[in-house]
Amino acid sequence: MDLQLKGRRALVTGSSSGIGEAIVRLLTEEGAQVVVHGRNRERAERVAADIGAAGVAIGELSEDGAAEAVHGEAVAALGGNIEILINNAGGNSEGNTSKKPADISVADFMSNYRANTLGAVALCQLCVPAMVEARFGRIVNVSSAVAMQPNFMGADYSAAKAALLNYTVSLAGSLRGENVCPNVLTPGVILVEGLVRFGRMKFGDDSLTADQVNERLAAEAVFEVPPAGRFGLPHELAMVAAMLASPANGFITGANYRVDGGQTRGLN
């Protein structure tokens, strides 16, 4: 299937590793011009060189002014306005996944909100006017399954991801008839590099492959195992992101795509 991405200009945040890296690799394979974003220039440039990206943009999007700088670098590298924006950057305050909501500081709630919501919002605000003018744009915001099914711990992260989901639906509604389609991906547990390292350490075997780690984590129920019987792989999320980013998709907007192996118990 031709996703009609050849020559389309894309920025994928948080793409120097993990889910974001899988997305830039697939978009590039489909012919898109891609800018790799990250906080570490060396890692971002390694990925960019490997896939033949248009360039890199470096910045911590939770910081004031970072979105403007990243946007400027990306537009310069692409030689034109961003047509596809995939907001994947984010993260969680260290240690809060084991804290009760009442024990998490207001500062940590704000930190998570800045990292997981406001950075994405700022880039949307910067990209949307040019998309509207061109009458084409695709936005994919990567949220999380915990936006809809919060854990009892880590409420700061869950709340920030829920805000991103809510914002995306509002943004889509405001762009009626403009051919600018914002959508959300809500992944469950995805086997990124950090989780593979965790599994190798837990099982005391550095020789385990990613597939073997996935199998053992599921078999021993280290985390709650979804109905799929295993945890997700980055390229599985990338495939859905590429579909939503495609010009062939002009009728899916304001939607939440769950890529969680059935983890979420409920209906969208």
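Coordinates for the structure precede this section.
It should be emphasised that the depicted structure is a prediction, and the values quoted were computed from it without experimental measurement. Within any chain, residue numbers begin from 1 and follow the written order of that chain's sequence. Confidence filtering applies because this is a predicted model: local features only for residues at pLDDT of at least 70, side-chain atom pairs given and counted only at 80 or more, and all residues used for totals across whole chains, interfaces and linings. With hydrogens and water excluded, all non-hydrogen atoms of the structure serve as input to the side-chain values.

## Re the packing of helix α6 (residues 193-203) against helix α7 (residues 210-219)
Convention followed: Structural elements are reduced to axes, namely lines fitted to C-alpha atoms, with helices fitted over the stretch in contact, and the angle between N-to-C directions of any two is expressed from 0 to 180 degrees. By the criteria applied, helices consist of DSSP H or I runs no shorter than four residues and strands consist of E runs no shorter than two, each listed in order from the N terminus. Note that the term roughly parallel is reserved for angles under 35 degrees, roughly antiparallel for angles over 145, roughly perpendicular for angles of 65 to 115, and oblique for everything else. Helix crossings are classified by the rotation of the near helix relative to the far one: an anticlockwise turn of less than a right angle makes the crossing left-handed, while a clockwise turn makes it right-handed. Whether two residues are in contact is decided by their heavy atoms, any of which lying within 4.5 Å being enough. Residues were grouped as follows: Ala, Val, Leu, Ile, Met, Phe, Trp, Tyr, Cys and Pro as nonpolar; Asp, Glu, Lys and Arg as charged; and all remaining residues, including Gly, as polar.
Running from N to C, α6 and α7 cross one another at 65 degrees; their axes reach a closest spacing of 9 Å. When the axis of α6 is compared with that of α7, the two are roughly perpendicular. Here α6 runs over α7; the crossing is left-handed. On α7, the residues touching Leu195, Val196, Phe198, Gly199, Arg200 and Phe203 of α6 are Ala210, Val213, Arg216 and Leu217. Among the residues making up the contact of α6 with α7, the classes are represented as seven nonpolar, one polar and two charged.

## Focus on the packing of helix α4 (residues 106-134) against helix α5 (residues 155-174)
Packing of α4 against α5 leaves a shortest axis separation of 7 Å and a crossing angle of 20 degrees. On the basis of their axis angle, the class for α4 and α5 is roughly parallel. Between α4 and α5 lies a crossing whose hand is right-handed. Counted together, Asp108, Phe109, Asn112, Tyr113, Asn116, Thr117, Ala120, Val121, Cys124, Gln125 and Val128 of α4 and Ala155, Asp156, Tyr157, Ala159, Ala160, Lys161, Ala163, Leu164, Tyr167 and Leu171 of α5 form the full contact between these two elements. Its residues assigned to classes, the contact of α4 with α5 comprises 14 nonpolar, four polar and three charged.

## Topic: the packing of aromatic side chains
Between two aromatic rings, the relevant description is the distance of the centres plus the angle of the planes. For clarity, the cut-off: Stacked, tilted and edge-to-face pairs are distinguished by plane angle, under 30 degrees for stacked and over 60 for edge-to-face with tilted covering the rest, among Phe, Tyr and Trp rings (Trp via its six-membered ring) whose centres lie within 6.5 Å. Placement of a charge over a ring requires the Lys NZ or Arg CZ to be within 6 Å of the ring centre, with the centre-to-atom vector within 35 degrees of the ring normal.
Applying the stated criterion to the full structure yields zero aromatic pairs. In this structure, Arg8 is placed above the aromatic ring of Phe136, and the distance from its NZ or CZ to the ring centre is 4.1 Å.

## Let's talk about helix α1 (residues 18-29)
So the rule is basically this: Working rule for helices: expected span equals 1.5 Å times residues minus one. For every residue, the accessible area obtained with a 1.4 Å probe (protein chains only) is divided by the maximum for its type, and the residue is called buried under 20%, exposed over 50%, and partly exposed between those limits.
For α1, spanning twelve residues, the distance from its first C-alpha to its last is 17 Å, which sits close to the expected 16 Å at 1.5 Å a residue. Among the twelve residues of α1, ten are classified as buried, and the element is accordingly described as predominantly covered. Residues Gly18, Ile19, Gly20, Glu21, Ala22, Ile23, Val24, Leu26, Leu27 and Thr28 constitute the buried set of α1. Summarising the contacts, the buried residues of α1 are in contact with β1 (9-12), β2 (33-38), α2 (41-51), β4 (84-87), α6 and α8 (234-245). Taken from the residues just after α1, Gly31 is the one with a positive phi, measuring 100 degrees.

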